[in-house]
Amino acid sequence: MRRLTDELRSKGAESVVITSVVESETNQHMVCGYDKAENKYFEIPYDYISVRFPGTGDIFSAILTGSILNGMGQEEGTAVFGCPDVDTINVFKIEKVDE
């Protein structure tokens, strides 16, 4: 995952979050990525529950985005992250604009 994380960073993402990762040797499910503020890679394992709840990825993205925009983990007011879809990784950049 570090290779993919570094590839996303090379395209301009300062911090990266990749969800729905499955470690091939242990079959461990996790969220992983790189935190620029801490200057470190991270892996957060979780127990996979084999059931589908439509919209949970959207909720995760909204909570992550809100947290980042409130100063958690990246330069305050910006967020760059990837959201996996079936065959694609979508990369988003969100910027908070004060009017």
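Our subject in this report is the structure included herewith. (Residues numbered from 1 in each chain as written. Predicted model: local features only at pLDDT ≥ 70, side-chain atom pairs only at ≥ 80, totals over all residues. Heavy atoms only, no water.)

Here we look at the pairing of strand β3 (residues 40–46)
Spelled out, the test is: Note on pairing: DSSP must find at least two bridges between two strands before they are called paired. In this text, helices come from DSSP runs of H or I with a minimum length of four residues, and strands from runs of E with a minimum of two, each type numbered from the N-terminal end.
Direction of pairing for strand β2 (residues 29–35) relative to β3: antiparallel, over a ladder of 7 bridges. Its bridge partner being in β3, His29 is matched across the sheet by Tyr46. Between β2 and β3, which follow one another and run antiparallel, lie 4 residues, and Asn39 among them has a positive phi close to 55°.

Side note on the pairing of β2
For clarity, the threshold we go by: In this scheme, a residue with accessible area under 20% of its type's maximum is buried, one over 50% is exposed, and one in between is partly exposed, where area comes from a 1.4 Å probe on protein chains only.
Among the 7 residues that make up β2, 7 are buried, leaving the element largely enclosed by the rest of the structure. The sheet contact formed by strand β1 (residues 16–22) and β2 spans 5 bridges and is antiparallel. Counterpart to Val21 in the pairing with β2 is Met30. Connecting β1 to the antiparallel partner β2 that follows it, the hairpin turn spans 6 residues, and Asn27 within it adopts a positive phi of roughly 65°.

So, the sheet that holds β3
Test applied: To obtain each axis, a line is fitted to C-alpha atoms, and for helices this fit is confined to the stretch in contact; angles are then taken between N-to-C directions over 0 to 180 degrees. Here a residue-residue contact requires only that any non-hydrogen atoms of the pair lie within 4.5 Å.
With antiparallel pairing, 3 strands are arranged side by side in an open sheet as β1-β2-β3. Only two strands of the sheet have a single partner each, and these edge strands are β1 and β3. The mean inter-strand angle of the sheet, taken between neighbouring strand axes irrespective of direction, is 20°. Against the sheet, helix α1 (residues 2–10) makes contact with β1, β2 and β3, and its axis sits at roughly 150° relative to β1, the strand it touches most.

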